[in-house]
There are 2 protein chains.
Amino acid sequence: MSQTSQPIDFYFDFTSPYGYLMSEKIDALAERFDREVRWHPILLGMVFKVTGSQAPVTLPLKGPYILRDFQRSARFLNIPYRHPSRFPVATQAAGRAYYWLHGRDVVLARQFSHAVYRAFFVDDKDISSLEIVLELAIQQGVDSAELQAALQQTEVKALLQSASETAIERGVFGSPFVIVDDEPFFGVDRLPQIEQWLETGGF
Amino acid sequence: MSQTSQPIDFYFDFTSPYGYLMSEKIDALAERFDREVRWHPILLGMVFKVTGSQAPVTLPLKGPYILRDFQRSARFLNIPYRHPSRFPVATQAAGRAYYWLHGRDVVLARQFSHAVYRAFFVDDKDISSLEIVLELAIQQGVDSAELQAALQQTEVKALLQSASETAIERGVFGSPFVIVDDEPFFGVDRLPQIEQWLETGGF
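Here the structure is a predicted model, which means the values were calculated and not measured. (Residues numbered from 1 in each chain as written. Chains lettered and ligands numbered in written order. Predicted model: local features only at pLDDT ≥ 70, side-chain atom pairs only at ≥ 80, totals over all residues. Heavy atoms only, no water.)

Here's the deal with the nonpolar core
Quick note on the threshold: We define the nonpolar core as a collection of buried residues of types Ala, Val, Leu, Ile, Met, Phe, Trp, Tyr and Cys that are connected through side-chain atoms lying within 4.5 Å of one another. Per-residue accessibility, obtained with a 1.4 Å probe over protein chains only, is compared with the maximum for each type, and a residue is labelled buried under 20%, exposed over 50%, and partly exposed between these values. The contact rule is simple, with two residues in contact once any of their heavy atoms fall within 4.5 Å.
Formed by 144 residues in total, the largest nonpolar core has its most connected members in Phe112 and Val178 of chain A together with Phe112 and Val178 of chain B. When neighbours within four sequence positions are excluded, Phe112 of chain A is seen to be in contact with Ala94, Ala97, Tyr98, Leu101, Val133, Leu136, Ala137 and Gln140 of chain A.

Below, the structure written as structure tokens:
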């Protein structure tokens, strides 16, 4: 990584289909330009309170469209996708587990994120369930009892809360949201623009 | 055009920046695949009443982002863009003029649409003004007095109204909205997917 290159920030909610699609692409794209990516799971519910929005899937006309677009966009990007039978779901457990893991092992936290997203959007696991989150962490070699205890701690809960607040302060209003050198990009459909931005240093 | 190829439907509001960007691209893309495009100006205000939405530019956090994204997306697509000093604006006059012209000369109506969009998004003309709309029509060789009289007719007003209603029935919830063989695509950022759809006949 060159000295002038700042890490790319990637904000997402674990229940976000387009966030999942971005999670399968952003690291490889960044690596082509010797850039690192910092992952930041957040709670879209907190964001939507500020923006006065609601989950797009609940909106008239847009709801049916977006369900179709999730799957079509996945095919377009060659990413496996099966729309979850429970959707959207709460992601507090997964997000808190992420930040606790991240404090101990950044690589492990990244692997755990992929595992959560794929469990939800490929294997139709209910990632709102504490049990499922623990199971996914165990598969990454995490001590389940230790994680379960951590998830009850106020400090661990505060990490997810404050990550969401920081995101809002930076202008994040949806998922995925990628910030490259202070330039904000919303949506997985901005991948071509992100690529051009990284190639040219801004356009 | 092959016998099996249906025209592509392109729904847009004249005040929509992404609609303008699509208007500069969709005909050339369709032509590469020997497809025709039917243009349908609509009133987003009618759509937003059904969806309970409002102009994205008015939303907290999303508003400032989208203003930036309009201009960045234009640069990305190599389309001239200057954000209008009055925005968004009412587009009844332009939309009604379009349908009246379309009933007389389809090619002229298309040229008029380009003129309206470029007047608004390049030359910063207030296209909500009847005077400006008439001026743009005169530049296309239209008889101004005849058009001005037509814009007062109930039947001409009804054309724009019913185009908007038909769009809503087809699931249109924003601008631009493109329908290819019953497959809906929302947003200028779906151009790569539309291209792949036209290339492969669906994916």
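What to know about the sheet that holds strand E1 (residues 8-12) of chain B
In plain terms, the rule: Strands are labelled as partners when DSSP assigns at least two bridges between them. The secondary structure listing takes helices from DSSP runs of H or I that are at least 4 residues long and strands from runs of E that are at least 2 residues long, numbered from the N terminus. The convention used is that axes are lines fitted to C-alpha atoms, helices contributing only their stretch in contact, and that angles between N-to-C directions extend from 0 to 180 degrees.
Taken in spatial order, the 4 strands make up an open sheet running E2-E1-E3-E4 (chain B), and their pairing is mixed. On the outer flanks of this sheet lie strand E2 (37-41) and strand E4 (183-186) of chain B, each paired with one strand and no other. Geometrically, the sheet is characterised by an average inter-axis angle of 20° between neighbouring strands, direction not taken into account. Its contacts with the sheet put helix H4 (residues 62-76) of chain A on strand E3 (177-180) and E4 of chain B, and the angle it makes with E4 of chain B is roughly 90°.

Some details on the relation of the copies chain B and chain A
Definition in use: Superposing copies: least-squares fit, C-alpha atoms only, residues required to have pLDDT of at least 70 in both.
Between chain B and chain A, which share one sequence, the superposing operator has a rotation angle of 180° and an axial displacement of 0.0 Å; the RMSD is 0.0 Å. The two molecules are tied by a two-fold rotation axis, judged by turn and shift. Minimal C-alpha distance to the rotation axis in chain B is attained by Asp189 of chain B, lying at 3.1 Å. An overlap of 100% is found between the interface residues of chain B and their copies at the interface of chain A, pointing to a shared contact surface.

Digging into the interface of chain B and chain A
We count it as follows: For this analysis, a salt bridge means a side-chain nitrogen from Lys or Arg found within 4 Å of a carboxyl oxygen belonging to Asp or Glu. Two N or O atoms count as a polar contact when they lie within 3.5 Å, although within protein this holds only if one can serve as hydrogen donor and the other as acceptor, and sequence-adjacent residues are included solely when both atoms are side-chain atoms. When residues are sorted by character, Ala, Val, Leu, Ile, Met, Phe, Trp, Tyr, Cys and Pro go into the nonpolar class, Asp, Glu, Lys and Arg into the charged class, and all the rest, Gly among them, into the polar class.
Of the residues lining the interface, 30 residues belong to chain B; the matching set on chain A comes to 30 residues. Taken together, the connections running from chain B to chain A amount to 8 salt bridges. Between Arg190 of chain B and Asp69 of chain A there is a salt bridge, with the nearest N and O atoms lying 2.6 Å from each other. For the pair chain B and chain A, the interface holds 18 residue pairs in polar contact (both at pLDDT 80 or more). Elements with a minimum of two residues in the side of chain B that touches chain A: helix H3 (44-51), helix H4 (62-76), E4 and helix H10 (191-200) of chain B. Looking at the side of chain B that touches chain A, the element that brings in the most residues is H4 of chain B, giving 8 residues. The class makeup of the residues in the side of chain B that touches chain A is 16 nonpolar, 5 polar and 9 charged.

What about the packing of aromatic side chains?
Residues and elements named next belong to chain B. To keep things clear, this is the line we draw: Pairing of aromatic rings covers Phe, Tyr and Trp, the last through its six-membered ring, and needs centres within 6.5 Å; plane angles under 30 degrees mean stacked, over 60 mean edge-to-face, and all others mean tilted.
Considering all chains together, one arrives at 52 aromatic pairs over all chains under this definition. Ring centres of Phe12 and Trp39 lie 5.5 Å apart, and the angle between their planes is 80°; on these two criteria the pair is classed as edge-to-face. A residue pair is termed long-range when its members are at least 10 positions apart, and Phe12 in strand E1 and Trp39 in strand E2 qualify at 27 residues. Overall, Phe12 belongs to the buried group, its relative accessible area being 0%. Under the relative-accessibility criterion, Trp39 is labelled buried at 3%.

A few points about the sheet that holds strand E4 (residues 183-186) of chain A
All names here are of chain A. Taken in spatial order, the 4 strands of this open sheet run E2-E1-E3-E4, and their pairing is mixed. In the strand order of this sheet, the two ends are held by strand E2 (37-41) and E4, each with one partner. Within this sheet the neighbouring strands show an average axis-to-axis angle of 20°, counted without direction. Inspection of the sheet shows strand E3 (residues 177-180) paired to E4 by 4 bridges, in the antiparallel sense.

Digging into unusual backbone geometry
The omega torsion of the bond from Phe87 of chain A to Pro88 of chain A falls at -15°, within 30 degrees of zero and hence cis. Assignment of secondary structure puts Pro88 of chain A in the loop between H4 and helix H5 (92-104). Put simply, Ser175 of chain B and Pro176 of chain B share a cis peptide bond, and its omega is 0°. When you line up the elements, Pro176 of chain B lands in the loop between helix H9 (154-169) and E3. Here the phi dihedral of Asn78 of chain A falls at roughly 55°; this positive angle occurs in a residue that is not glycine. Position of Asn78 of chain A among the secondary structure elements: in the loop between H4 and H5. Looking at Asn78 of chain A, the relative accessible area reads 70%, which means it is exposed.

Regarding the layout of surface pockets
With a probe scaled to a water molecule rolled over the atoms, the places where space remains empty come into view. Cut-off, in case you're wondering: Put simply, the grid is 1 Å and covers the protein atoms alone, a cavity is a trapped set of points that fit a 1.4 Å probe, a pocket is an open set with protein on both sides within 12 Å along at least five of seven lines, and lining residues have an atom within 4 Å of a point. Grid points are joined across faces, edges and corners, and a volume is the space filled by probe spheres set on the points.
There is about 300 Å³ of room inside the second largest pocket. Looking at the lining of the second largest pocket, the elements with two or more residues in it are H4 and helix H10 (191-200) of chain A together with H10 of chain B. When residues in the lining of the second largest pocket are grouped by element, the largest group, 3 residues, is from H10 of chain A. Class assignment of the residues belonging to the lining of the second largest pocket gives a composition of 7 nonpolar, 2 polar and 5 charged.

Quick notes on the environment of Gly201 of chain B
Residues and elements named next belong to chain B. As for its position among the elements, Gly201 is in the segment after H10. Under the relative-accessibility criterion, Gly201 is labelled exposed at 63%. Sequence separation between Gly201 and Thr58 is 143 residues, and the spatial gap between their C-alpha atoms is 38 Å.

So, the packing of H5 of chain A against helix H9 (residues 154-169) of chain A
Helices that pack against each other are described as a pair by the angle of their axes relative to one another and the distance between those axes. Residues and elements named next belong to chain A. Test applied: Roughly parallel means an angle under 35 degrees; roughly antiparallel means over 145; roughly perpendicular covers 65 to 115; every other angle is labelled oblique.
Between H5 and H9, the least distance of the axes is 8 Å, while the angle of their chain directions is 100°. When the interaxial angle is binned, H5 and H9 end up roughly perpendicular. Each of Gln92, Gly95, Arg96, Tyr99 and Trp100 in H5 lies in contact with H9, whose residues at this interface are Val156, Lys157, Leu159, Leu160 and Ala163. The class makeup of the residues in the contact of H5 with H9 is 6 nonpolar, 2 polar and 2 charged.

Points about helix H6 (residues 106-121) of chain B
Residues and elements named next belong to chain B. The criterion, for reference: How far a helix is expected to stretch is found by multiplying one less than its residue total by 1.5 Å.
Given a rise of 1.5 Å per residue, 16 residues ought to cover 22 Å, and the 23 Å separating the end C-alpha atoms of H6 matches this to within 8%. Most of H6 sits out of view: 12 of its 16 residues are buried. Along H6, the residues that are buried comprise Leu108, Ala109, Arg110, Phe112, Ser113, His114, Ala115, Val116, Tyr117, Ala119, Phe120 and Phe121. Summarising the contacts, the buried residues of H6 are in contact with E1, helix H1 (17-23), helix H2 (26-32), E2, helix H5 (92-104) and helix H7 (130-139). By the N-cap criterion, in which a side-chain oxygen at the helix start approaches the backbone nitrogen of a residue two or three places on, H6 is capped by Asp105, the distance to Val107 being 3.1 Å.

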